[in-house]
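Spelled out, the chains give:
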Amino acid sequence: MGQGDIARPSLGELDWSEKHRTESLSKVYAHADGYARQAEEWYARQRRVKRISGTLMRAAAICLGAAAAILPILAQIFTEDGKPAIEPGWASVALGLAAALVVVDLTFGFSSGWMRFIATELRVTQLRHDFEYSWELARLEGETVPQLVARARAFIRAVDAELVAETGAWATELRANLAAFEERLRAAGRG
């Protein structure tokens, strides 16, 4: 699977005749299990990008903020002929860059996306584990083929619900962040 969206493979044609029923049931299980695993893998891969981006931006912002706090002090300590060896104005540049990094992280949701992706991956994994055991238990208890297919369908719907919820959270966050960014720009233009 590539870097794009989560693959949504088709279940395809199944043969429910007595001769092929077990094989078709195995395909239903493999389809449901495979779909969940693809979602887990996608979130694991994508959260790495979010984690690295968010961590780098926040760490750089912290360092730049610290530099902004220290630069005026260094400007007073280190002088040449009574003038600062380091211009104190660099503190404002460092602070502005730190703020810009935080705004980029907030606007594009790197740090928050990392947390959302971890949570979604864990919920899908939890659903898959529950499905694996409940499927085996249902087979052990002699559930019928229609009951097992219904169980697989419910599992796919539960995985889809997690993906829809995460995507909805992302869309809501993005709209809010963009609106806040636009408001900051308007406020800066009035100021």
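Our subject is the structure listed above.
Residues numbered from 1 in each chain as written. Predicted model: local features only at pLDDT ≥ 70, side-chain atom pairs only at ≥ 80, totals over all residues. Heavy atoms only, no water.

1. Considerations on the overall build of the chain
So, step 1. Across its full length, the chain holds four helices and two strands.
So, step 2. In sequence order, the secondary structure elements of the chain are arranged as α-β-β-α-α-α.
So, step 3. Expected size for 191 residues packed as a compact globule is a radius of gyration near 16 Å; at 26 Å, the chain overshoots this value by more than 25%.
So, step 4. Projected onto its principal axes, the C-alpha positions of the chain cover 95 × 35 × 25 Å.
So, step 5. Counting only residues that meet the buried cut, the chain has 29% of its 191 residues in that class.
So, step 6. Within the chain, counting contacts between residues at least 6 apart in sequence, those at least 24 apart form 77% of the total. (Helix = DSSP H or I, 4+ residues; strand = E, 2+ residues; numbered from the N terminus. Rg over C-alpha atoms; globule rule 2.2 N^0.38 Å. Buried < 20%, exposed > 50% of the residue type's maximum accessible area, 1.4 Å probe, protein only. Contact = heavy atoms within 4.5 Å.)

2. Focus: helix α2 (residues 89-108)
So, step 1. Helix length check: α2, at 20 residues, gives a terminal C-alpha distance of 29 Å against a target of 28 Å (1.5 Å per residue), a fit within 8%.
So, step 2. A91, A94, A98, V103, D105 and T107 are the residues of α2 that are buried.
So, step 3. Where α2 is buried, its residues meet α1 (21-77), α3 (110-140) and α4 (145-190).
So, step 4. Two residues or fewer after α2 comes G109, characterised by a positive phi angle close to 65°. (Expected span 1.5 Å × (residues − 1).)

3. Quick word on the nonpolar core
So, step 1. Counting residues in hydrophobic clusters, the biggest one holds 21 residues, and the most contacted among them are I6, W135, V159 and L163.
So, step 2. The set of elements that each furnish at least two residues to this core consists of α1, α3 and α4.
So, step 3. Take this core: its biggest share by element is eight residues, from α1.
So, step 4. Those residues in contact with V159 that sit more than four places away from it in its chain are Y35, A36, V124 and L127. (Core = buried A, V, L, I, M, F, W, Y, C linked by side-chain atoms within 4.5 Å.)

4. Here we look at the packing of α1 against α3
So, step 1. Orientation of α1 relative to α3, taken along the N-to-C sense of each, is 160°, at an axis distance of 8 Å. With respect to each other, α1 and α3 are oriented roughly antiparallel. The element α1 and its partner α3 pack so that their crossing is left-handed.
So, step 2. Grouping the constituent residues of the contact of α1 with α3 by class yields 17 nonpolar, eight polar and 10 charged. (Axes fitted to C-alpha atoms, helices over the stretch in contact; angles between N-to-C directions. Parallel < 35°, antiparallel > 145°, perpendicular 65-115°, else oblique. Left-handed = near helix turned anticlockwise from the far one by under 90°. Nonpolar A, V, L, I, M, F, W, Y, C, P; charged D, E, K, R; others polar.)

5. As for the environment of S134
So, step 1. With respect to the secondary-structure elements, S134 resides in helix α3.
So, step 2. What makes S134 buried here is its relative accessible area of 18%.
So, step 3. With 14 residues separating them along the chain, S134 and L148 place their C-alpha atoms 9.8 Å apart.

6. Description of the packing of α1 against α2
Two packed helices can be described by the angle between their axes and the distance between those axes.
So, step 1. Two elements in contact, α1 and α2, have axes separated by 8 Å at closest approach and are oriented at 160°. It follows that α1 is roughly antiparallel to α2 by the angle criterion. Two packed elements cross with a definite hand, and for α1 against α2 that hand is left-handed. Within the contact between the two elements, α1 uses K50, G54, M57, R58, A60, A61, L64, G65, A67, A68, L71 and P72 and α2 uses W90, A91, A94, L95, L97, A98, L101, V102, V104, D105, L106 and F108.

7. Comments concerning the pattern of salt bridges
So, step 1. Per the stated rule, a full pass over the model turns up 15 salt bridges.
So, step 2. Here R139 ties to E136 by a salt bridge, and the two come within 3.3 Å at their closest N and O atoms. One end of the pair is R139 and the other is E136, both in helix α3 and three residues apart, which spans about a single turn.
So, step 3. For R139, a relative accessible area of 48% corresponds to the partly exposed category. (Salt bridge = Lys/Arg side-chain N within 4 Å of Asp/Glu carboxyl O.)

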